Amino acid sequence: MKILVQGAGLAGCAVASALAQRGHSVTVIERQKELFTSGAGILLYSNALVALDRLGVLSHVLERGFPMQGRTEFLDQNSSHVGYVNYTPIVEGYPAYVGIARNVLLKTLHDSATSHGASFFFGTDLSHMFLDSETALCAVEEMTETYDLVVSAEGVNSRLRQTLLGVASKFSGFGLWHSLHDRPSHVVEKITASAPGVRLGVIPISDQKMYVWASREEPENPWIQRSLWHEQMRSRFSAFGGWIGDLVASIDEKTYIHYTAVNEVHMSTPWNYGQLVFIGDAAHATTPFMAQGGAQALTDAVCLADTIHGVDGKELSVALEAFATKRFPITNLVQNKSFAIGKSYNNPEVNIERTQIELDSFYSTVQQSLA
Ligand SMILES: Cc1cc2nc3c(=O)[nH]c(=O)nc-3n(C[C@H](O)[C@H](O)[C@H](O)COP(=O)(O)OP(=O)(O)OC[C@H]3O[C@@H](n4cnc5c(N)ncnc54)[C@H](O)[C@@H]3O)c2cc1C
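Residues numbered from 1 in each chain as written. Predicted model: local features only at pLDDT ≥ 70, side-chain atom pairs only at ≥ 80, totals over all residues. Heavy atoms only, no water.

Side note on helix H4 (residues 102–115)
Heads up, the rule is: Only runs of H or I of at least four residues qualify as helices and only runs of E of at least two qualify as strands under DSSP, and these elements are numbered from the N terminus. In this analysis, the expected span of each helix is defined as 1.5 Å times one less than the number of residues it contains. For the exposure calls, accessible area comes from a 1.4 Å probe over protein chains only, and a residue counts as buried if that area is under 20% of its type's maximum, exposed if over 50%, partly exposed in between.
End to end, H4 covers 20 Å across 14 residues, agreeing with the expected 20 Å (1.5 Å per residue, within 8%). Listed as buried for H4 are Leu105, Leu106, Thr108, Leu109, His110, Ser112 and Ala113. Residue Gly117 follows H4 closely and has a positive phi angle near 105 degrees.

Take a look at the structure:
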């Protein structure tokens, strides 16, 4: 098939690789002038690792990231130990999760896609599109081409989704901060600390570096000027004491920092409009409290390539509907659970036993969904 992928984020690069590996002719258009992602790092749970393995890039990710055995430590407001929660890998022999720099992961997926023959065009957007029952005629800059399938991976604020399916993204009520730091030698696992109304996590991404994520509710969705980000992150998370408090206090103008007002996309199935299908954040952007958005985007990519394999033009719409029907239960579960976790930050007491039970139950469901 001749396939156009819109967006070179995690979902777009991953699906380009998966489809090119199946012998499809794949063109990717990306609005930004170059491959780029904001945010310091990303945590990849073992379902993301399953998808990366299917794409043939797991060993690269393990080499370039920071694999961990899954013993997350919980700390209180003063950085004192509360307990451990254990993540069991979905596949024996895998680490439980891996922290990695976002740009390193994106480049790995992009390089995989190009090595299998996908073509990328940066600084490029769709100008027109005409969809009939079996093809999509797309105008990209001055070129007009007919495609058998368009995969829209243009992220949470997808314009096409709003235009074709009438689904807009909505502010979740949460703000999320990322900052990048040198990794002290004692940080070798994921660490989470709680104070009233706020939660903060520390995640190693390489031998040298780790990132901090920190979140709290922002009901007014304030516009925070970039020049104030460092000061605002320090003051919002100043409730922490001990070494976490020192880490927050150490944030200065030289620290890489990023703020996101977190939006969600709640869309029922189908996720396609004729020969055009939405994947990744464009289909189901979630709050980040389960660190599952990227994992779900990667799983979409592999699942879509599997579902349309060997399908001809007339059956494609049916296959695209089957793809969304397969993916919806888990992406919907992630959205609901993640939002509930975000809300639970109002209570700084972490019940370790209950957290472990919920975690085991969630990953058992994820494992079944991959079968
Ligand atoms: C703060 C934060 C922390 C997170 N942490 C984690 C984590 O630890 N683990 C995890 O698994 N997930 C995490 N996530 C979620 C994860 O980052 C996203 O789910 C994932 O990046 C979605 O990938 P995507 O390709 O669908 O969208 P995006 O990464 O947004 O990519 C969309 C791409 O499309 C391009 N584009 C947009 N419009 C057009 C257009 N018209 N034409 C062409 N190109 C276009 C954009 O420029 C962009 O490159 C986090 C999310 C946030 C916000």
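This is not the end of the story, as more comes after the structure.
Topic: the packing of helix H1 (residues 10–21) against helix H9 (residues 293–307)
Using the following cut-off: For every element, the axis is a line fit to its C-alpha atoms; helices are fit only across the contacting stretch, and the angle between N-to-C directions ranges from 0 to 180 degrees. Any angle that is under 35 degrees is reported as roughly parallel, and any over 145 degrees as roughly antiparallel; angles of 65 to 115 degrees are reported as roughly perpendicular and all others as oblique. Put simply, a crossing is left-handed when the front helix is turned counterclockwise from the back one by less than a right angle, and right-handed when it is turned clockwise. When checking whether two residues touch, look at their non-hydrogen atoms; a contact exists if any pair is within 4.5 Å. Each residue gets one of three labels, nonpolar for Ala, Val, Leu, Ile, Met, Phe, Trp, Tyr, Cys and Pro, charged for Asp, Glu, Lys and Arg, and polar for the others, Gly among them.
Axis separation between H1 and H9 bottoms out at 8 Å; the angle between their running directions is 25 degrees. Considering the angle they form, H1 stands roughly parallel to H9. You can see that H1 and H9 cross each other, and the crossing is right-handed. The segment H1 lies against H9, with Leu10, Ala11, Ala14, Val15, Ala18 and Leu19 engaging Gly294, Ala297, Leu298, Ala301, Leu304 and Ala305. Class assignment of the residues belonging to the contact of H1 with H9 gives a composition of 11 nonpolar, one polar and no charged.

So, the pattern of salt bridges
Quick reminder of the rule: Any carboxyl oxygen of Asp or Glu that lies within 4 Å of a side-chain nitrogen of Lys or Arg is treated as forming a salt bridge with it.
Considering all chains together, one arrives at 12 salt bridges under this definition. Residue Arg216 is joined to Glu218 by a salt bridge in which the shortest nitrogen-to-oxygen separation is 3.1 Å. Here Glu218 falls in the buried class, since its relative accessible area comes to 4%. In this structure, the salt-bridge partner of Arg354 is Glu358, at a minimum N-O distance of 3.9 Å. One end of the pair, Arg354, and the other, Glu358, are both in helix H11 (residues 352–370), four residues apart, so they sit about a helical turn from each other. Each of Arg22, Arg54 and Asp306 takes part in one network of salt bridges that share partners.

So, the environment of Ala118
Structurally, Ala118 is set in the loop between H4 and strand S8 (119–122). Not counting the four nearest positions on each side in its chain, Ala118 is found in contact with Ala16, Ala20, Val26 and Ala113.

Notes on the nonpolar core
Definition in use: Side-chain atoms within 4.5 Å link the members of a nonpolar core, which is a set of buried Ala, Val, Leu, Ile, Met, Phe, Trp, Tyr and Cys residues.
Counting 103 residues, the largest nonpolar core has Leu44, Leu52, Leu105, Leu109, Val151, Leu304 and Ile308 as its most contacted members. When residues in this core are grouped by element, the largest group, nine residues, is from H1. In this structure Leu105 touches Leu10, Ile42, Leu44, Leu52, Val61 and Ile100, once residues within four positions along its chain are discounted. In this structure, Met210, Met233, Phe240 and Ile244 belong to the second largest nonpolar core, which totals 23 residues.

Here we look at the side chain of His284
In plain terms, the rule: Pairs of N or O atoms within 3.5 Å make up the polar contacts considered here, provided that, within protein, one atom can donate a hydrogen while the other can accept it, and that residues adjacent in sequence are counted only when both atoms are side-chain atoms.
Inspection of the secondary structure assignment puts His284 in helix H8 (residues 281–284). Here the side chain of His284 touches Asp300 through a polar contact of 2.6 Å, side chain to side chain. When sequence neighbours within four positions are dropped, the list of residues in contact with His284 reads Val265, Trp271, Gln296, Ala297, Asp300, Thr331 and Gln335.

Geometric values such as these leave the question of function open.
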